[in-house]
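# Residue-level structural notes
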Amino acid sequence: MPKSDFDALNNSCAEINSSTSVEVKQQITKLKRSHKLRAKMINLEFWALAGTMDDFLPGFWSRFLANRRTSLRQFIKRKRSPGHPLG
């Protein structure tokens, strides 16, 4: 019995999918590596900025953390309130 056009199309798609899937997986791996590197660079820049600010304004870092803690508590309180769309 001769193969239908559908079977031929299915086989060619499988060949394309196998070669492209390898390329896609490689690209995903590269993107993940790039994302991790970018996150590390942002952390490094942040710590350099915080250290510099603490040199110019002693106590900057402790005030920053206190403000951050207060802001986070306020955010959580607003989020849990009944009228909040995410609450």
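Structure's up top.
Now for a description of the structure that goes with this document. Just so it is clear, the structure is predicted and the values come from calculations on it, not from any experiment.

### Quick look at the overall build of the protein chain
- Within the protein chain one finds 2 helices and 0 strands.
- Per-residue burial over the protein chain gives 1% buried out of 87 residues.
- For the protein chain, the exposed area adds up to about 8200 Å²; of that, 62% sits on carbon and sulfur atoms.

### With respect to a nonpolar patch on the surface
- A surface patch of nonpolar side chains, amounting to about 310 Å² of accessible area, comprises L37, M41 and L44.
- For L37, a relative accessible area of 54% corresponds to the exposed category.

### Thoughts on the packing of aromatic side chains
- Tallied over the full model, the rule gives 6 aromatic pairs.
- Judged by centre distance (6.0 Å) and plane angle (75 degrees), the rings of F46 and W47 are edge-to-face.
- A ring pair is formed by F60 and F64, whose centres lie 6.2 Å apart and whose planes are at 20 degrees; its orientation type is stacked. Pair noted here: F60 and F64 are both in helix α2 (residues 60-80), with a separation of 4 residues, about one helical turn.
- Ring pairing ties together the aromatic residues F46, W47, F60, W61 and F64, which thus form one cluster.

Parameters and conventions
Residues numbered from 1 in each chain as written. Predicted model: local features only at pLDDT ≥ 70, side-chain atom pairs only at ≥ 80, totals over all residues. Heavy atoms only, no water. Helix = DSSP H or I, 4+ residues; strand = E, 2+ residues; numbered from the N terminus. Buried < 20%, exposed > 50% of the residue type's maximum accessible area, 1.4 Å probe, protein only. Areas by Shrake-Rupley, 256 points an atom, 1.4 Å probe, with all protein chains shown as cover. Patch = residues over 30% accessible without salt bridge, like charges linked within 9 Å, V, L, I, M, F, W, Y side chains within 5 Å. Salt bridge = Lys/Arg side-chain N within 4 Å of Asp/Glu carboxyl O. Phe/Tyr/Trp six-rings, centres within 6.5 Å; stacked < 30°, edge-to-face > 60°.

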